[in-house]
Amino acid sequence: MSAAIQNAVKKALNEKTIWQRVVTSTLDTLRPSAKALHPILMPVLDRLSMHRVHKAVNIEDLRNAAQQRAHPMVYAYLDGGSGDERSLKRSIDSFSQLQWKHAVLHGIGNNGVNTETTILGKKYAMPYFLTSCAGQRMFHADGEVATAQAANKHNLHMALSQLTTSSFQDVRNAHEGAKTLQLYVWKDRALLKDILDRAKEAGFENLALTADFSWVGNREREVRNDFTIPPSYSLQQCVAAVTRLPWAYDFASREPYRYQAVPEAKFPATSLAKFIAEQMKPEFNWTDAEWLCKEWGNQGKVVLKGVIREDDAERAIKSGFDALWISNHGGRQLEDAISPIVQLPNIRARVGSGAEIIVDGGIRRGSDVVKAIALGANSVAIGRAYLYGLTAGGYTGVDKALQIINTDVKLTMGLMGYSSINNINGKDIIVPRDWQ
Ligand SMILES: Cc1cc2nc3c(=O)[nH]c(=O)nc-3n(C[C@H](O)[C@H](O)[C@H](O)COP(=O)(O)O)c2cc1C
């Protein structure tokens, strides 16, 4: 264990209040019996939520189901953005500003639509994938493994967050197509190298460096709902848990969630969360990024996630990145950050047709995926759209979210008159309406 980790452990062990110790030890005592009863009780407790999942006809329905199952602080973390959440709302609204000009009498039938495309060098069934989102066992105890299983079923690419609560290996075992590991910028290069080595060992081929998270955004909804990871067992958190029994029981009867980024650290999750927060390095710059690209070597592609400006896009390519990922972190960082879809045509124009571009932010429908491709993205990443499903119903919920999006991608292509996703060219088919 490195000295930095040992210090974090010592600090955390001294910081627990008596109330926290009481709740933690009560939960530890009850966990084995709760675990034994899990196969019988959980399906009963989850019945209503699963009913909502089955009845869902769109992502908004899954969002409502997620809100009704998740602990309020967890839902605040999942659904919220920074400040007044203007960036978050605008990123979604920007898609409704785009209008199609569709062809008619194009003769494309139900079996004539091909959605396959290449993402970071590998072929997948759809031009979208499941993006890296932290702490998924917090949303549902099956976490990233459930996400990976659903992505596997639909042959979709998946990027795993460095702040995963399931192990690298478990996720890779659940889905071979989970080939991208997303990385944050950490101070301790030795630790970072260790993570890179383990990622290579686990079979990750691509690395996505998230560059827009060196400072943490002002998430007011999280503060209001007393969000902490792991739970601090404050009175507010304990009272709120009682209002969400299926979530609370699932949490109490399973292995407590913790970040898996530092696996040898068998210390309390509180210390790990703090340690990780302290590891974020706002000073990380282009020179560090170039170091990272070299460190990853020929393993696969290196992607820069969080690009918004044209000059940064250009510089990223010059610095050795293989692909650009346009994102405002789901409206969770800089309030009033521009919608990624608005910047997509500008960045495409600057870097030319040869550069691989991914875009995310605000995608809630299959038609949004097709719009992004039409405007010049090679692929599209979805975040909350699948997390709502995971939160509401674990694997079944993610599967449902993916079914909804897949159906809509195909329907949009059929109605537009496009037989292949790779032939969609936005120039003459998409018109911005009052686009700011
Ligand atoms: C709950 C949550 C956790 C996230 N965690 C991460 C993360 O660990 N790493 C990362 O690069 N981005 C993270 N993001 C941002 C997503 O990767 C993605 O950029 C964003 O969710 C896209 O917007 P959308 O949710 O509207 O689809 C997170 C987003 C959410 C909603």
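Further up the page is the structure itself.
All of these numbers come straight from a predicted model, not from anything done at the bench.

Undergrad: I tried to follow the site of the ligand on my own but got confused; where do I start?
TA: Around the ligand, 23 residues are found, and the nearest of them are A134, S161, G330, G383 and R384. Looking at the shell around the ligand, the elements with two or more residues in it are α5 (72–79) and α19 (384–416). The element contributing the most residues to the shell around the ligand is α19, with three residues. Split into classes, the residues belonging to the shell around the ligand amount to nine nonpolar, eleven polar and three charged.

Undergrad: Whenever I open this one, the nonpolar core confuses me. Can you help?
TA: Nonpolar side chains in soluble globular proteins tend to be buried together. L324, V380 and A401 are the most contacted members of the largest nonpolar core, which has 110 residues in total. Broken down by element, the residue count for this core peaks at 14 residues, all from α19. Those residues in contact with L324 that sit more than four places away from it in its chain are L304, V307, A313, A316, I347, V351, A355 and I357.

Undergrad: It is not clear to me how the packing of helix α2 (residues 18–45) against helix α13 (residues 245–253) should be interpreted in this structure. Could you clarify?
TA: How two helices sit against one another is set out by the angle between their axes and by the gap between those axes. α13 packs onto α2 with a crossing angle of 130 degrees between their chain directions and a minimal axis gap of 7 Å. Accordingly, the angle class assigned to the pair α2 and α13 is oblique. With respect to the hand of their crossing, α2 and α13 are arranged in left-handed fashion. Contacts from L27, L30, R31, A34, K35, H38, L41, M42 and L45 in α2 reach L245, P246, Y249, D250, A252 and S253 in α13. In terms of residue class, the contact of α2 with α13 is built from ten nonpolar, two polar and three charged.

Undergrad: Explain the pairing of strand β6 (residues 180–183) here, please?
TA: On a regular strand, each side chain points to the face opposite its neighbour's, so the side chains alternate between the two faces of the sheet. Of the two faces of β6, the one holding T180 and Q182 and the one holding L181 and L183 are both buried throughout. Pairing of strand β5 (residues 159–160) with β6 involves two bridges; the strand directions are parallel. The residue bridging A159 from the neighbouring strand is T180, located in β6. Since β5 and β6 lie parallel, the crossover through helix α9 (residues 168–174) that links them has a hand, and here it is right-handed.

Undergrad: I keep staring at the sheet that holds strand β8 (residues 302–307) and nothing clicks. Help me out?
TA: In sheet architecture, strand pairing relies on hydrogen bonds along the backbone and comes in two forms, parallel and antiparallel. Pairing within the open sheet is parallel, and its eight strands lie in the order β4-β11-β10-β9-β8-β7-β6-β5. Two strands bound the open sheet, and with one partner strand each, they are β4 (128–130) and β5. Note: β6 against strand β7 (residues 206–210), four bridges, orientation parallel. By the bridge assignment for β7, T180 is matched with N206.

Undergrad: How should helix α15 (residues 286–296) be read in this particular structure?
TA: One turn of an α-helix holds 3.6 residues; hence residues three or four places apart share an orientation. Burial in α15 covers these residues: A289, L292 and W296. One face of α15 carries all of its buried residues, which in axial projection span an arc of 55 degrees. Away from its buried face by more than 90 degrees, α15 exposes T287 and K294. Buried-residue contacts for α15 involve α10 (189–202), β7, β8 and α16 (310–319). Backbone geometry just downstream of α15 places G297 in the positive-phi region, at approximately 60 degrees.

Cut-off values and rules
- Residues numbered from 1 in each chain as written.
- Predicted model: local features only at pLDDT ≥ 70, side-chain atom pairs only at ≥ 80, totals over all residues.
- Near = placed C-beta within 6 Å.
- Helix = DSSP H or I, 4+ residues; strand = E, 2+ residues; numbered from the N terminus.
- Nonpolar A, V, L, I, M, F, W, Y, C, P; charged D, E, K, R; others polar.
- Core = buried A, V, L, I, M, F, W, Y, C linked by C-beta atoms within 7 Å.
- Buried ≥ 20, exposed ≤ 12 C-beta atoms within 10 Å, placed from the backbone.
- Contact = placed C-beta atoms within 7 Å.
- Axes fitted to C-alpha atoms, helices over the stretch in contact; angles between N-to-C directions.
- Parallel < 35°, antiparallel > 145°, perpendicular 65-115°, else oblique.
- Left-handed = near helix turned anticlockwise from the far one by under 90°.
- Pairing = 2+ DSSP bridges.
- Right-handed = clockwise from strand over helix to strand, strands pointing away.
- Arc of directions from axis to C-beta.

All quantities given are derived from atomic positions and should not be read as evidence of function.
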